[in-house]
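# Fold and geometry: a report
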Amino acid sequence: MRSRQRVHAAPLGVHHRPSRRLSPCLRAAGRKASQLLGLALALIAPSVLAQTIGPPAAPAETLAEAIALAYQTNPTLQSQRAQLRAIDETYVQSRSQFGPTIQLDANAQYANDRLTRGEVRGVPVPSSRDRTDSVGAQLVVNQPLYTGGRLTLETRAARYRVRAGREALRATEGDIVFRVIQAFVDLRRDLGALEIRRTNLAAVRSTLDEVRARTQAGELTQTDLAQANAQVAAEEANVATAEDQSRASRIAYASVVGRNPGTLVPEPPLPNLPASAQESWGIAADNSPELQQALYNEQQSRARLQEARVSAGPTLSLRGSGGYSTDLDPLNRANRNRSFAGQLVLSQPLFTSGLTRSVIRQAQETNTSDRSQIEVSRRAMLQSVTDSWNQMVTLRGNVPRQHRQVEAASTAFRGMTIEYRAGERSTLDVLIAEETLRDAELAELSARHDAYLSAALVLRYIGRLDAGDIVEALPRYDPADHFREVANRGALPWEPLVRLFDGVLLPAAGQQAIPAPPAANEARIAPAEPDASQRTVDEVPVTPVPGTVSPMSPPLRRAGPPSR
């Protein structure tokens, strides 16, 4: 194979033809530079993009392992799970109202009444003293029998709130998994770019050595040497920037995954991608966490509207009480009082000063807002899915294009080097070809990164980026387990009968039509104002609103000449 010699660019417009008769020293230097160039080309070949990135001593780490660890320990996800468990308790609190409430009231009384001897209208009144000591207790039991459906609807709204909370947890989980994937591929891209930069730095340093030797031999000028030094300095700055970017990516990875990265194994293809945009729309309509959450929020507010309507209806409850009281001093067992009572209480609000109607109107508008939010979520879902799908198709198509660019740039660089040695190309031509090859390799690296990330974004928007959808045999956190565990805690055997009785004859929600302004007959833009002044300003009004700041101090006077 013919050896290749690294060269450096001459100034623009200067075409330097190397001398065909070189001294033995320069020929040795040329052979050494050719060997370094061959090594550099082997290191920066396109195959470096498919190699494992990372220090060889670090343990290998796969994308599945990173997702599994974040799914288990990420604090954002843990916080959202705790919030959902708290929401589960709202259902328990609503359901518990079907059962009885028992209250114990105890009291102790001490009274000491004294009347001092005196006269009333001249009549002597003897002194007297009356002291009583008593204790008592009362037990009150209240069992709702019928609330007009209020408790039934409150419990139904709480269940819809729980379901909406589960969709919010799914959205958070999808966001965390996407962040893990992004941190993983970001770090692999940045480490690959750093490797390319370092390889190119070694190549330009060998070029500098060659230019320096040829300058000493009189074949090149000090201008060529200065240009080579500038190229090395520029590439050293590029390496420093790439190192800083890789450090930032490592920190971002540790932040979302929970541990510092090791050697990252190349990411596998993502599963569950739809075959077409139309299929992705159908999947998202049934599975998008944001859209499902909006649907459950509307069902919750609809139940709250029904609850507001029945709040003006009658309620029926069974109330029982038992009491006991006695004297303490002196303790007299014969002086005891026991009481027992049972009541069937029917309550019907008659007048609330407009409160009931206001609550109903408020619930109506809240439900109207939630109904509109369904369409807002649907449109946002379609836009996000369609944009991410188009982006994925475009970026995936760019990967083979970038690969062909790398192959063409590599061929051009090799040809430029051969033609340079034959005196047909300038130093600048070769360096431009080398720069084009390096930029093509970096572009291919970014294209693979962007294509993979766009596929993950499609899965996120259609609701298929749950950790269990991506990682096989992953132990799942099922929020329904906690709900089933706490839903019936404290429930009594007769509560289902009360719920059945309370759920009859529920009124309709009575949703109102969504109001809208009338349609415009001739929509047009209002006339434009005359062109504003083109003068700029460098001062603004500084007078504060009265009463909003402390009084301003008077301006300082300049000191006059000292008095004699």
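Residues numbered from 1 in each chain as written. Predicted model: local features only at pLDDT ≥ 70, side-chain atom pairs only at ≥ 80, totals over all residues. Heavy atoms only, no water.

## A short note on the overall build of the chain
Along its length, the chain carries twelve helices and eight strands. A total of 564 residues make up the chain; the buried ones form 38% of that total. Considering only contacts within the chain whose residues lie at least 6 apart along the sequence, 86% involve residues at least 24 apart. For the chain, the accessible surface area stands at approximately 33800 Å², while carbon and sulfur atoms represent 55% of it. (Helix = DSSP H or I, 4+ residues; strand = E, 2+ residues; numbered from the N terminus. Buried < 20%, exposed > 50% of the residue type's maximum accessible area, 1.4 Å probe, protein only. Contact = heavy atoms within 4.5 Å. Areas by Shrake-Rupley, 256 points an atom, 1.4 Å probe, with all protein chains shown as cover.)

## Remarks on the packing of aromatic side chains
Applying the stated rule across the entire model yields three aromatic pairs. Look at tyrosine 91 and phenylalanine 483: their rings are 5.0 Å apart centre to centre, the planes differ by 50 degrees, and that puts the pair in the tilted class. Of this pair, tyrosine 91 sits in helix H3 (residues 75-95) while phenylalanine 483 sits in helix H11 (residues 479-486); the two residues are 392 residues apart in sequence, bridging distant segments of the chain. On the accessibility criterion, tyrosine 91 (3% relative accessible area) is buried. What makes phenylalanine 483 buried here is its relative accessible area of 8%. Here the aromatic rings of phenylalanine 184 and tyrosine 253 are separated by 6.4 Å at their centres, their planes lie at 45 degrees, and the arrangement is tilted. Residue phenylalanine 184 is found in helix H4 (residues 150-216), and its partner tyrosine 253 is found in helix H5 (residues 222-257); the two are separated by 69 residues along the sequence. With relative accessibility at 0%, the residue phenylalanine 184 sits in the buried group. Here arginine 81 stacks its cationic end above the ring of tyrosine 71, 4.8 Å away from the centre of that ring. (Phe/Tyr/Trp six-rings, centres within 6.5 Å; stacked < 30°, edge-to-face > 60°. Lys NZ or Arg CZ within 6 Å of the ring centre and 35° of its normal.)

## Some remarks on the packing of H3 against H4
Running from N to C, H3 and H4 point in directions that differ by 175 degrees, and their axes come no closer than 8 Å. As the angle between them shows, H3 and H4 are arranged roughly antiparallel. Classifying every residue of the contact of H3 with H4 gives nine nonpolar, seven polar and eight charged. (Axes fitted to C-alpha atoms, helices over the stretch in contact; angles between N-to-C directions. Parallel < 35°, antiparallel > 145°, perpendicular 65-115°, else oblique. Nonpolar A, V, L, I, M, F, W, Y, C, P; charged D, E, K, R; others polar.)

## Notes on a nonpolar patch on the surface
A cluster of nonpolar side chains, contributed by Ile102, Leu104, Leu139 and Val141, occupies part of the molecular surface with about 370 Å² of accessible area. For the nonpolar patch, the secondary structure elements donating two or more residues are strand S2 (101-115) and strand S5 (128-146). As for its placement among the helices and strands, leucine 104 is situated in strand S2. (Patch = residues over 30% accessible without salt bridge, like charges linked within 9 Å, V, L, I, M, F, W, Y side chains within 5 Å. Salt bridge = Lys/Arg side-chain N within 4 Å of Asp/Glu carboxyl O.)

## Considering the confidence of the model for the chain
Across the chain, the average pLDDT comes to 84, with 82% of residues at 70 or higher. Here helix H1 (residues 24-43) is the element of the chain with the lowest mean pLDDT, 43, and H3 is the one with the highest, 96. Predicted confidence is poor over residues 1-57, with pLDDT under 50, and the contacts of this stretch with residues over four places away or in other chains come to 119 contacts. (pLDDT = per-residue confidence, 0-100.)

## So, the packing of helix H2 (residues 63-73) against H5
Contact pair H2 / H5: the axes reach a minimum separation of 8 Å and the direction vectors enclose 50 degrees. Relative to H5, the element H2 is oriented oblique. Where H2 approaches H5, its residues Ala66, Leu69, Ala70 and Thr73 are matched on the opposing element by Tyr253, Val256 and Val257. Counted by class, the contact of H2 with H5 contains six nonpolar, one polar and no charged residues.

## Quick notes on the nonpolar core
Membership of the largest hydrophobic core comes to 45 residues, with the highest contact counts inside it found for Ile67, Val180 and Ile181. Residue assignment for this core shows that the elements contributing at least two residues are H2, H3, H4, H5, helix H6 (277-287), helix H8 (355-421), helix H9 (427-462) and helix H10 (467-470). Sequence-distant contacts of isoleucine 181, defined by excluding residues within four places in its chain, comprise Leu63, Ile67, Leu270, Tyr452, Leu453, Ala456 and Leu465. Counting residues in hydrophobic clusters, the runner-up holds eleven residues, among them Leu208, Val211, Leu225 and Val239. (Core = buried A, V, L, I, M, F, W, Y, C linked by side-chain atoms within 4.5 Å.)

## Observations concerning H6
By the burial criterion, the buried members of H6 are Ala277, Ser280, Ile283 and Ala284. Taken around the axis of H6, the buried residues stretch over an arc of 115 degrees, which confines them to a single face. For H6, the exposed residues set more than 90 degrees away from the buried face come down to Gln278 and Asp286. (Arc of directions from axis to C-beta.)

## Some remarks on the pattern of salt bridges
For the coordinates displayed, the defined rule picks out 26 salt bridges. Here aspartate 478 and arginine 484 are joined by a salt bridge, their closest N and O atoms 4.0 Å apart. For aspartate 478, a relative accessible area of 35% corresponds to the partly exposed category. The structure contains a network of salt bridges with shared partners spanning Arg197, Glu235, Glu435 and Arg438.

## Thoughts on unusual backbone geometry
Unlike most non-glycine residues, serine 353 shows phi in positive territory, near 60 degrees. Structurally, serine 353 is set in the loop between strand S8 (336-347) and H8. In this structure serine 353 comes out as exposed when scored by relative accessible area, which is 63%.

## So, H5
The end-to-end C-alpha distance of H5 is 52 Å, a good match for the 52 Å that 36 residues give at a rise of 1.5 Å each. For H5, every residue scored as buried is listed here: Asp224, Leu225, Ala228, Val232, Glu235, Val239, Ala242, Ser246, Ser249, Tyr253, Val256 and Val257. Glycine 258 lies just past H5 and shows a positive phi near 105 degrees. (Expected span 1.5 Å × (residues − 1).)

## Thoughts on the environment of arginine 396
Inspection of the secondary structure assignment puts arginine 396 in helix H8. Excluding anything up to four places from it in sequence, arginine 396 contacts Leu273, Ala451 and Ala455.

## Digging into the environment of leucine 77
As for its placement among the helices and strands, leucine 77 is situated in helix H3. In this structure leucine 77 comes out as buried when scored by relative accessible area, which is 2%. For the pair leucine 77 and arginine 170, spaced 93 residues apart in the sequence, the C-alpha separation amounts to 9.6 Å. Aside from chain neighbours lying at most four places away, what touches leucine 77 is Ala70, Tyr71, Leu169, Thr172 and Glu173.

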